[in-house]
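Structural overview
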Amino acid sequence: MTSGENETNMRDLVDAIVRSLVDKVDQVEIQEILGTQANVIELKVAKEDIGKVIGRSGRTAEAIRTLVNCGAAKLNKRYTLHIVDQ
């Protein structure tokens, strides 16, 4: 498996989780920004779905970040998840 496939897999992981949470699946946008020290995954969803992704007291967002960090640790990489407000 090449490095490009690993990044795609992390993006796909976030995509699968978020699409299962939201109502407006067609408005989910995930962009990956590759950095030298850490990679950033930017997530945009519809305004109506932002609460579902963040969750009560940020618990859902924190759970998604935990899964991303676990996957990244397995790849010896660093990832951060940013939920972008539209």
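Residue numbering note: each chain is counted from 1, following its sequence as written. Predicted model: local features are reported for residues with pLDDT of at least 70 only, side-chain atom pairs are reported and counted for 80 or more only, and whole-chain, interface and lining totals are derived from all residues. Side-chain figures throughout are based on the complete set of non-hydrogen atoms in the structure, without hydrogens or water.

1. Focus: helix α3 (residues 59-74)
So the rule is basically this: Helix and strand labels come from DSSP, where a helix needs a run of H or I of at least four residues and a strand needs a run of E of at least two; each type is numbered from the N terminus. Expected span of a helix, by definition, is 1.5 Å for each gap between consecutive residues, and there is one gap fewer than residues. The buried label applies to any residue whose accessible area, calculated with a 1.4 Å probe on protein chains only, is under 20% of its type's maximum; exposed applies above 50%, and partly exposed to all values in between. Relevant arc is that of directions from the helix axis to the C-beta atoms, nothing else.
Over its 16 residues, α3 extends 23 Å from the first C-alpha to the last, a length consistent with the 22 Å expected when each residue adds 1.5 Å. The set of residues buried in α3 consists of Ala61, Ile64, Val68 and Ala72. Axial view of α3: buried residues confined to an arc of 75 degrees, hence all on one face. Facing away from the buried side of α3 by over 90 degrees, the exposed positions are Arg59, Cys70 and Lys74. Phi turns positive, to about 55 degrees, at asparagine 76, one or two residues after α3.

2. Comments concerning the pattern of salt bridges
Two side chains bearing opposite charge may form a pair once their charged atoms approach each other closely. Applied cut-off: The term salt bridge refers to a side-chain nitrogen of Lys or Arg lying within 4 Å of a carboxyl oxygen of Asp or Glu.
A full pass over the atoms with the stated rule returns four salt bridges. Among the salt bridges present, the one from lysine 24 reaches glutamate 48, with a minimum N-O distance of 3.2 Å. Placement of lysine 24 in the loop between α1 (3-21) and β1 (29-33) and of glutamate 48 in the loop between β2 (39-44) and α2 (50-54) is noted, with a sequence separation of 24 residues between them. Look at glutamate 48 and you get exposed, because its relative accessible area is 53%. Across the salt bridge formed by lysine 52 and aspartate 49, the nearest N and O atoms sit 3.8 Å from each other.

3. Things to note about the nonpolar core
In globular proteins that are soluble, nonpolar side chains generally tend to be buried together. Condition: Residues belong to a common nonpolar core when they are buried Ala, Val, Leu, Ile, Met, Phe, Trp, Tyr or Cys residues joined through side-chain atoms within 4.5 Å. Two residues qualify as a contact provided that any one of their heavy atoms is within 4.5 Å of a heavy atom in the partner residue.
With 16 residues, the main nonpolar core has Val18 and Leu43 as its most contacted residues. For this core, the elements supplying multiple residues, two or more each, are α1, β2, α3 and β3 (79-84). Broken down by element, the residue count for this core peaks at four residues, all from α1. Excluding its chain neighbours within four sequence positions, the residues that come into contact with valine 18 are Val28, Leu43, Val45, Val53 and Ile64.

4. Comments concerning the sheet that holds β1
Applicable threshold: When DSSP locates at least two bridges between a pair of strands, those strands are taken to pair. Angles shown run from 0 to 180 degrees and are taken between the N-to-C directions of axes, each axis being a line fitted to C-alpha atoms and, for helices, limited to the stretch in contact.
Taken in spatial order, the three strands make up an open sheet running β1-β2-β3, and their pairing is mixed. This sheet does not close on itself; its edge strands, each paired only once, are β1 and β3. Strand after strand, the sheet turns through a mean of 20 degrees between neighbouring axes, direction not considered.

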